[in-house]
Structures are given as structure tokens and as C-alpha cells.
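# Chain and residue survey
The lines below spell out each chain.
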Amino acid sequence: MASVILVNGGNYLYNLLLGRILGPAEFANAALQITLLLILSFLGMTFQLTTARFAVEQENKNWIAQRHFLIVVSSIAGIIIGVLLIIFSSLLQTTFHTQTKLVFILLGIGVPLYFIMSVIRGTYQGKQAFKKLSISYQSEMLSRLVITLSFLYLTGIESSVIVAIGILLSFVFGLYPSKLKNYKSVTKSEIRNINTRPIYRFMMVTAGYELSQIIINNSDVLLVKHYFNDTEAGLYSALALIGRVVYFVAWMFVMLLLPKVVQKNKNNEKTKPLLFKYMSMIAVLSFVIVCTCYFAPNLIITLMFGSAYLSMAPLLWQYAVATSLFALANIFAYYFLSLDQYLPVVLSGLFGLLQVFLVVFFHNTLYEVVHVQIIAMAILLFAQLAFFLLTINGSKSKGLR
């Protein structure tokens, strides 16, 4: 938890410095890449959570073959997505009004590396090797921070390209402390003996849920970048970055929740106390953050980004409310995902699409964009809570202890 706080703090510092150095208009282009990195991290979480899940459940002999299988699958998926990014780089440049398509090409090159890194992190998470997991996250964060700032001050390269280079190189550093010799090859017979059906099932469901996370967490920034000018998009990106602190805190607890729920369920122990514990923590933290944003928005924005972004102050606490509602709903979804109950994943996907449709139809002002997100996330939280209560009280509460 301390490491995650450090990593999120470092990533926050990275974003804050970019916002201050570049100003709202240029920061809009940098924020687009940061948003694409967040999208990539959600896709990577599909492999990380799948790896973590089966690392807990499988014995060492079977696990080595399964890990090899997951590395192969993640590499193939990474190559496919990377090639698509490179092929459609010109279209992406036009859609998001960037100065060069090179930023998308560089990201495409890095996707396979990121997915392999996600499998390695999933191994650490599942085996609860949190020291190595922490080092991997810290290496990625620190290298991206140092490389990006160094290039900004020492070279005359266009800022969006520098951000892309920093992101790409940070994936290489994120592979540390993994060693290739620890990932020895396995025989074809060992691969054939793997029961891939539960792996694919969990991976597909997790991918569906992570897709809903991508839509809910990032579609607003992408749509604002499309519908508004660079200055307004930069201002909104700064607002989103501050407001999302709630989600980053919740993510820290999710990283700890999933393997614990899987292990307790495997041992036929009660899992509901874990859910209540983490929900209580997120609720208290969300309340504190929203209140802080309500009573001191000008101070927060001035300290973080500077006076150029002060026009977003009245919206800060409202965006924090939207993110808090999403964070609470997210805990429910990951909990049920750990127990192989997938309806909450479907609910997240549906309300993620609802949020997109609402922003597409209601984007006359940035205020409108935030307000429709509050509506969508409030309904999502209510739906997740209703499913939880029905599952407890109904006859289909198998596995929910």
C-alpha cells in the first residue's frame, strides 16, 4: 500500500509538472497520451488479474506451464493491438487533432512489452510477492518521470513526442526485477495438459470488465478532446486528473482485495467481511476527498496546476463525486469477479456505454459533461448494491459467504 501511494504520487507529480510546464493547450495533447496509457493499463490488467487468479489457485508444476501460456497469449494480443495502432495512426491523429502520428506509432511499439510486463506483475500479485511488484511499478514510474522531464529541458523535440518516448522507455524499466532465466520454457506436452477453458473464460470476462473501466474512466477525456478546443480540453484534463485521486486510492485496495477473496473462497472462508472492510475504507476516503474539493477548490488547483486552470474550480468537487460513485461500484464488481459472478461486469459495461451516450448528446458545456457522469455513476452504484443485496437474500448465493 505504501508503494502504491508512492507510485501514484509519482505519477501525479509527473502529470502536474507537465501541466505547469506545457500550459493548458499543449497539456491537452500530453493528457491524451496519458489517457491512452491508462487505457493500456486497463487492458494490461486483464492479463495481470488473470495471472494473479491462477497463480493463487494452481500448484507450482502446473503454474509454470500456465504462466508460459499466458506470456504467449499476452504477446500475441500485444502485437495485434500494436500493429493496429500503427496502421491507424493517421486516422487517430485526425480524430484527436494531434500534431503528429508518431505518438501513436511509439505507443503501438510498446504495447507487447506492456502486456508481458502485466503477466509478470500478475505473478507477483498472485504469489503475494509485493516487494517485487512494488519495484516494478516504481521502476516504471521513476523512469518515465526522469526521462520525460530530461528530454523536455535538454532537447527541442515536440512535447507530445517526448511524452510518447518517455512512456515507451518506461515499459522497459518496468520489466525489472524480472529475469528471463526465471521464465524457463516448457514442453509441448505440458502446454497440452493445461486446461485453457477456465483461463480463457476468466480472461474474456475480465477483458469485458476492463473495457467497461476504459469507457467509464477515460471516454470523457477523449470525447472532450474531440468536441472542445485544446485549451478547454487541457483544463478538463487537469480537472479529471485531480478528481480521479479517489479512483487511484480505490485501485490500491483492489490490488489487495482480489487475491485475498480468491484465497478465502478457495479455503471455504467468509469473504463478505473483506468486502465490507474495503468498502468502508473507500467510502471514508471518498467523503474526505470530496469535502476537501468542495471547501478548497481554488487552493487545490493553484497548488497542483497553477492559476491558469482556476476556471475549473467550481467543477472540482462535482467531478470528485462522480469518481467516488464509480470507485464504490468498482469494489463490488471486482469482488464478484473474484467469485466467478459476472453480472456486475455486464452492468458496468452497460452503464459505461450509457455514460458515453450521455456525453455524446449532452456536451454543450464542461459542466454538462460532468453532471451526466454523476447521473450514470449513481445509477451504476445503485444497480451494483441491488445485485449484492439480492444475491445475499436469494437462493443463488452460492460462493458468497
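For the structure itself, look to the data block above.
First things first, this report covers the structure right here in the doc. (Residues numbered from 1 in each chain as written. Predicted model: local features only at pLDDT ≥ 70, side-chain atom pairs only at ≥ 80, totals over all residues. Heavy atoms only, no water.)

## Thoughts on the overall build of the protein chain
- A tally of regular secondary structure across the protein chain gives 15 helices and zero strands.
- Taken along the three principal axes of its C-alpha coordinates, the protein chain extends 60 × 50 × 35 Å.
- Taken over 401 residues, the protein chain has a buried fraction of 56%.
- A sequence separation of at least 24 residues applies to 81% of the contacts in the protein chain between residues at least 6 apart. (Helix = DSSP H or I, 4+ residues; strand = E, 2+ residues; numbered from the N terminus. Buried < 20%, exposed > 50% of the residue type's maximum accessible area, 1.4 Å probe, protein only. Contact = heavy atoms within 4.5 Å.)

## Description of the pattern of salt bridges
- This model, assessed by the stated rule, comprises three salt bridges.
- Between Glu-140 and Arg-144 there is a salt bridge whose closest N-O contact spans 3.1 Å. Pair noted here: Glu-140 and Arg-144 are both in helix 5 (residues 130-154), with a separation of four residues, about one helical turn.
- Here the salt bridges share partners, and the residues they tie into one network are Arg-121, Glu-140 and Arg-144. (Salt bridge = Lys/Arg side-chain N within 4 Å of Asp/Glu carboxyl O.)

## What to know about the nonpolar core
- Of all hydrophobic cores here, the largest spans 136 residues; its most connected members are Leu-18, Phe-27, Tyr-236, Leu-239, Phe-305 and Leu-380.
- Looking at this core, the element that brings in the most residues is helix 1 (residues 2-57), giving 23 residues.
- Leave out the neighbours within four places in its chain, and Phe-305 touches Asn-15, Leu-16, Gly-19, Arg-20, Phe-27, Ala-238, Leu-241 and Ile-242. (Core = buried A, V, L, I, M, F, W, Y, C linked by side-chain atoms within 4.5 Å.)

## Observations concerning the packing of helix 11 (residues 272-295) against helix 13 (residues 313-338)
- For the pair helix 11 and helix 13, the least separation of the axes is 9 Å and the interaxial angle reads 175°. Classified by the angle between their axes, helix 11 and helix 13 sit roughly antiparallel to one another. On helix 13, the residues that touch Lys-272, Leu-275, Met-279, Ile-282, Ala-283, Ser-286, Val-290, Cys-293 and Tyr-294 of helix 11 are Leu-316, Trp-317, Ala-320, Val-321, Ser-324, Ala-327, Leu-328, Ile-331, Phe-332 and Tyr-335. (Axes fitted to C-alpha atoms, helices over the stretch in contact; angles between N-to-C directions. Parallel < 35°, antiparallel > 145°, perpendicular 65-115°, else oblique.)

## Digging into the packing of helix 8 (residues 196-227) against helix 13
- Relative orientation of the contacting elements helix 8 and helix 13 amounts to 180°, with a least axis distance of 12 Å. One finds that helix 8 runs roughly antiparallel with respect to helix 13. Taking contact as the criterion, the partners of Phe-202, Val-205, Thr-206, Tyr-209, Glu-210, Gln-213, Ile-216, Asn-217 and Asp-220 in helix 8 are, on helix 13, Tyr-319, Phe-326, Asn-330, Ala-333, Tyr-334 and Leu-337.
- Grouping the constituent residues of the contact of helix 8 with helix 13 by class yields nine nonpolar, four polar and two charged. (Nonpolar A, V, L, I, M, F, W, Y, C, P; charged D, E, K, R; others polar.)

## Observations concerning the side chain of Thr-51
- Mapped onto the secondary structure, Thr-51 falls in helix 1.
- Excluding its chain neighbours within four sequence positions, the residues that come into contact with Thr-51 are Trp-63, Leu-70, Val-119, Gly-122 and Thr-123.

## A closer look at empty space enclosed by the protein
- Using the criterion set out here, one finds three cavities of 30 Å³ or more in the structure.
- Considered as a void within the structure, the largest cavity measures approximately 650 Å³ in volume.
- Forming the walls of the largest cavity are 33 residues, and the residues nearest its centre are Asn-8, Asn-11, Leu-38, Ser-41 and Phe-248.
- Of all the secondary-structure elements, those providing two or more residues to the lining of the largest cavity are helix 1, helix 4 (102-126), helix 5, helix 8, helix 9 (230-243) and helix 10 (245-266). (1 Å grid on protein atoms, 1.4 Å probe; cavity = no way out; pocket = protein on both sides within 12 Å on 5 of 7 lines; lining within 4 Å. Points joined across faces, edges and corners; volume = space filled by probe spheres on them.)

## Thoughts on the layout of surface pockets
- What the largest pocket holds in volume is close to 310 Å³.
- Along the wall of the largest pocket there are 16 residues; nearest its centre are Leu-36, Ile-39, Leu-43, Ile-81 and Leu-85.
- When residues of the lining of the largest pocket are traced back to their parent elements, those giving at least two are helix 1, helix 2 (60-87), helix 3 (89-96), helix 4 and helix 8.
- Among the elements that take part in the lining of the largest pocket, helix 1 stands out by supplying four residues, more than any other.
- Residue composition of the lining of the largest pocket, grouped by class: 16 nonpolar, no polar and no charged.

## Overview of the environment of Lys-270
- Along the chain, Lys-270 turns up in the loop between helix 10 and helix 11.
- Overall, the relative accessible area of 63% leaves Lys-270 in the exposed class.
- The sequence separation of Lys-270 and Lys-260 amounts to 10 residues, and the corresponding C-alpha distance is 11 Å.

## A word on a nonpolar patch on the surface
- Side chains of Val-72, Ile-76, Ile-79, Ile-80, Val-83, Leu-84, Ile-87, Phe-88 and Leu-91 sit close together on the surface and give an oily, nonpolar patch of about 820 Å² of accessible area.
- The leading source of residues in the nonpolar patch is helix 2, at seven residues. (Patch = residues over 30% accessible without salt bridge, like charges linked within 9 Å, V, L, I, M, F, W, Y side chains within 5 Å. Areas by Shrake-Rupley, 256 points an atom, 1.4 Å probe, with all protein chains shown as cover.)

## Topic: the packing of aromatic side chains
- As enumerated under the stated definition, the model contains 15 aromatic pairs in all.
- Measuring from ring centre to ring centre gives 5.0 Å for Phe-305 and Tyr-309, while their planes differ by 45°; the resulting arrangement is tilted.
- Note on Tyr-309: relative accessible area 2%, which makes it buried.
- It is Arg-144 that lies over the ring of Tyr-14; its NZ or CZ is 5.8 Å from the centre. (Phe/Tyr/Trp six-rings, centres within 6.5 Å; stacked < 30°, edge-to-face > 60°. Lys NZ or Arg CZ within 6 Å of the ring centre and 35° of its normal.)

## A short note on the side chain of Asn-29
- The residue Asn-29 is located in helix 1 in this model.
- Look at Asn-29 and you get buried, because its relative accessible area is 9%.
- Filtering out sequence-adjacent residues up to four positions away, Asn-29 remains in contact with His-97, Thr-98, Ser-160, Lys-225 and Asp-230.

Read these as geometric descriptors, not functional statements.
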